[in-house]
Amino acid sequence: MDIMVIITILKGVFMKRYIKSYGIALVLVAIYALIKLPVLRLDFTSGFSTIIVFFIIAGGLDMMFDKGERTSKIAKNNFFIAIVLILIVAAIPFVTSSPIFHSKSYRNLIGNVEESNFDKDVSPVSVKDIRIVDEEMAMKLGDKKLGEIPAVGSISKLGQFHIQSVNGELYWVAPLVHRDFIKWITNLDGTSGYVMVSASNPQDVRLVQELDGKPVKLVYQPDAYFLQDLHRHMYINGIVNAGMTEFSLEINDEGRPYWVTSLYEHKVGFSGSDATGVAVVDAQTGEVSRYSIEDAPGWIDRIQPEKFVADQINDWGLYVKGFLNSVISEEGVLVATEGTSLVYGDDGKSYWYTGITSAGGDESTIGFMLVDTRTKEAKLYKQPGATETAAMRSAEGKVQEKNYQATFPVMYNILGTPTYVSALKDKAGLVKMVAFVSVEDFAILGLGETKDEALINYREALSSEGNNINIENDTTKKDIEGIVKRISPDVKGGNTSYYLTIDSDNNIFVATSKVSTELPLTVVGDKVKIAYQEGKTGVVDIIEFDNLNLGDVIEKNKSENSTQEESKTEDSETDKTESENTQDQ
């Protein structure tokens with residue numbers, strides 16, 4: 001046989017085996033990718049891992065197809081490439097991502113941190129907008145609501161709650177998700193809706209199963225399987241070159257449910273996760289839309305993941321003077337306090353909040369930071385005060401005999417003062433009291449069974465003698481004057497409350513003598529000045545009380561006493577002069 005014919009035959013066999021090995025390996029790796037969902041970017045190790053798997057499979061297949069006793073050259077080459085890639089994945093991330101070499105890059109991830117003024121940026125909040133329902137309580141209320149409809153509760157369970165603003169009101173929103181694989185396979189048309197729990201009113205709990213007369217069916221979700229799995233659905237629809245994290249259900253202002261997922265990349269080698277945009281999936285139809293941070297729909301509250309922001313704040317404070325300083329002297333090192341909370345400004349924007357304390361700090365902070373949850377704009381407020389944990393202990397200690405537990409506080413601008421607001425719950429998880437604790441001094445606090453009562457007591461604590469905190473920008477208070485039409489005392493539990501009405505308002509006002517000692521002396525016909533919580537109607541608690549008639553009497557008595565004192569002084573001086581003249585004679 002001609003030598004050229006033999007070479008051609010061998011080449012054909014070689015190419016056939018080559019194509020067969022790599023073709024099968026490509027199919028197996030595609031299946032692997034559909035299962036593991038690797039990010040196909042150079043700054044993610046999962047992409048390299050996929051390539052490594054490909055060459056290992058190709059090498060193994062080539063060994064199977066090669067009938068010789070020795071490993072073929074192709075197989076050896078495949079294994080060699082896989083080993084080189086493994087070494088690269090093991091070594092390169094350390095060089096390109098270690099803070100030993102890149103501490104400055106880590107510190108700059110948060111961007112420019114601007115020092116700002118608290119009163120300027122954070123508007124005072126209305127009491128009705130203060131949230132007292134935390135995620136744990138929302139879950140209990142949601143489970144209770146779900147239990148009212150056995151047909152739904154038996155096949156579905158509540159997913160994770162996320163707080164968001166819906167038409168200007170704060171709600172905890174959670175999807176109904178499949179309980180297990182069997183429940184999914186028997187309900188491929190999706191779960192029946194979602195649950196909304198008001199963050200400020202525990203009585204407002206809704207199970208939304210219909211919109212515009214049509215049933216709500218959540219087909220795509222993290223708890224589904226195969227092609228209905230949310231992550232896999234997004235991957236198949238083209239989001240393969242970005243990391244995905246925080247799959248949260250958010251609803252637009254019309255109530256339509258969407259899955260909102262933060263997209264991210266690595267800014268420091270294979271680390272330094274940073275959000276670059278957001279993917280939105282219609283939970284019912286599966287339609288996938290991808291947005292940059294600037295183009296994301298306005299109803300989306302969060303693009304910046306909580307963990308990313310917390311890590312970047314810590315890196316910003318930790319590497320203030322480089323890596324060595326962060327592990328040796330710790331000079332100037334700052335760290336975020338334990339826990340991060342989501343707060344909403346008067347402008348409707350949401351912010352990640354965390355206290356900032358010095359390295360080794362215990363119960364005090366040097367200030368706090370607010371980070372825009374969409375743009376990541378960061379502002380530092382240098383306001384020395386207490387940590388969230390210290391505020392919780394202060395509130396619990398005030399009623400320690402009841403063994404109430406404080407929820408993680410949320411910071412608000414109350415009466416122009418940075419204030420932690422926390423709910424106090426009993427062992428059953430029910431809210432029994434509300435606590436307002438001053439950030440500047442956790443010994444100054446107000447407790448009450450309602451938010452209004454807590455605010456009144458907090459205002460009194462701030463106004464009391466001995467503290468150095470001034471009430472500023474009290475936009476929650478309204479003043480009114482009028483003539484007393486009726487007034488009557490009411491004794492309950494040994495405490496006397498005074499109920500009164502005035503001619504210039506239809507409300508019934510109530511307060512104890514603790515508010516003003518002039519209340520027990522007030523009678524019908526007196527002109528009074530009353531301060532109360534704006535927006536309240538019906539029976540309204542008095543914040544401040546001034547009997548203007550008594551004020552006139554007091555001033556008159558002061559004037560008369562002053563005149564009498566002056567007269568006595570003049571008489572005394574006259575007597576003294578006459579006595580001196582007599583002695584001279």
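Cut-offs and rules
Residues numbered from 1 in each chain as written. Predicted model: local features only at pLDDT ≥ 70, side-chain atom pairs only at ≥ 80, totals over all residues. Heavy atoms only, no water. 1 Å grid on protein atoms, 1.4 Å probe; cavity = no way out; pocket = protein on both sides within 12 Å on 5 of 7 lines; lining within 4 Å. Points joined across faces, edges and corners; volume = space filled by probe spheres on them. Helix = DSSP H or I, 4+ residues; strand = E, 2+ residues; numbered from the N terminus. Nonpolar A, V, L, I, M, F, W, Y, C, P; charged D, E, K, R; others polar. Expected span 1.5 Å × (residues − 1). Buried < 20%, exposed > 50% of the residue type's maximum accessible area, 1.4 Å probe, protein only. Pairing = 2+ DSSP bridges. Phe/Tyr/Trp six-rings, centres within 6.5 Å; stacked < 30°, edge-to-face > 60°. Axes fitted to C-alpha atoms, helices over the stretch in contact; angles between N-to-C directions. Core = buried A, V, L, I, M, F, W, Y, C linked by side-chain atoms within 4.5 Å. Contact = heavy atoms within 4.5 Å. Patch = residues over 30% accessible without salt bridge, like charges linked within 9 Å, V, L, I, M, F, W, Y side chains within 5 Å. Areas by Shrake-Rupley, 256 points an atom, 1.4 Å probe, with all protein chains shown as cover. Salt bridge = Lys/Arg side-chain N within 4 Å of Asp/Glu carboxyl O.

**Q** In this structure, what is going on with empty space enclosed by the protein? I would like to understand it.
**A** To locate leftover empty space, one rolls a probe as large as a water molecule over the atoms. A full pass over the atoms with the stated rule returns one cavity of 30 Å³ or more. Its boundaries defined by the atoms lining it, the largest cavity holds a volume of some 30 Å³. Taken together, Glu246, Ser248, Val260, Ser262 and Arg302 form the lining of the largest cavity. Residue assignment for the lining of the largest cavity shows that the elements contributing at least two residues are strand E9 (243-251) and strand E10 (257-268). Tallied by class, the residues present in the lining of the largest cavity amount to one nonpolar, two polar and two charged.

**Q** What am I meant to see in helix H2 (residues 45-65) here?
**A** Since the α-helix turns once every 3.6 residues, residues separated by three or four places project in the same direction. Here H2 is 21 residues long and its end C-alpha atoms lie 30 Å apart, about the 30 Å a rise of 1.5 Å per residue gives. Buried within H2 are the following residues: Gly47, Phe48, Thr50, Ile52, Phe54, Phe55, Ala58, Gly59, Leu61 and Asp62.

**Q** Is there a simple way to explain the pairing of strand E21 (residues 410-414) in this structure?
**A** Note on strand geometry: in a regular strand, side chains alternate between the two faces of the sheet. Here E21 lies mainly inside the structure; five of its five residues are buried. Burial of E21 is two-sided: the residues Val410, Tyr412 and Ile414 facing one way and the residues Met411 and Asn413 facing the other way are all buried. One ladder, built from five bridges, connects E21 with strand E22 (residues 417-425); its direction is antiparallel. Following the sheet pairing, Asn413 is matched in E22 by Pro418. Taking the residues between adjacent antiparallel strands as the criterion, E21 and E22 are bridged by two residues, where Leu415 takes a positive phi near 60°.

**Q** I'm lost on the packing of aromatic side chains in this one. Help?
**A** Ring pairs (aromatic) are described by centroid distance and by the angle formed between their planes. Applying the stated rule across the entire model yields 17 aromatic pairs. Their ring planes at 55° and their centres at 5.8 Å tell us that Trp184 and Phe226 sit as a pair that is tilted. One end of the pair, Trp184, is in helix H8 (residues 181-185); the other, Phe226, is in the loop between strand E8 (214-215) and helix H9 (230-236), with 42 residues separating them in the sequence. Exposure remark for Trp184: the relative accessible area of 5% places this residue in the buried category.

**Q** Is there a simple way to explain the sheet that holds E10 in this structure?
**A** Working definition: the strands of a sheet are paired by backbone hydrogen bonds and lie parallel or antiparallel to each other. If you walk across this open sheet you meet the four strands as E9-E10-E11-E12, and the pairing is antiparallel. Each of the sheet's edge strands pairs with one partner strand only, and the pair in question is E9 and strand E12 (288-292). Taking each pair of neighbouring strands and ignoring which way they run, the sheet shows an average axis angle of 30°. Two strands pair when backbone bridges link them, and E9 and E10 are joined in this way by eight bridges, in the antiparallel orientation. Within E10, the position partnered with Ser248 by the bridge is Val260.

**Q** Before we go on, may I ask you to explain the nonpolar core in this structure?
**A** Grouped together as the largest cluster of nonpolar side chains are 73 residues, with contacts concentrated most on Val197, Met369, Leu370, Ile414, Leu424 and Phe436. Contact partners of Val197, with chain neighbours within four places excluded, come to Val133, Ala138, Leu141, Gly142, Phe161, Tyr171, Trp172, Asp204 and Val205. Residues Tyr171, Val173, Met196 and Ala242 belong to the second largest nonpolar core, which totals 25 residues.

**Q** Any chance you could explain a nonpolar patch on the surface here in plain terms?
**A** On the surface, a cluster of nonpolar side chains totalling about 850 Å² of accessible area is made up of Leu34, Phe181, Ile182, Ile185, Leu188, Tyr225, Phe226, Leu227 and Ile236. Mapped onto the elements of the fold, Leu227 is located in the loop between E8 and H9.

**Q** Whenever I open this one, unusual backbone geometry confuses me. Can you help?
**A** A negative phi angle is the norm for most residues apart from glycine, just as the trans form is the norm for most peptide bonds. Despite not being glycine, Asp212 shows a phi value in the positive range, around 55°. Examined against the element boundaries, Asp212 turns out to sit in the loop between strand E7 (210-211) and E8. Backbone geometry places Glu246, a non-glycine residue, at a positive phi of 55°. Glu246 sits in the partly exposed class, given a relative accessible area of 28%.

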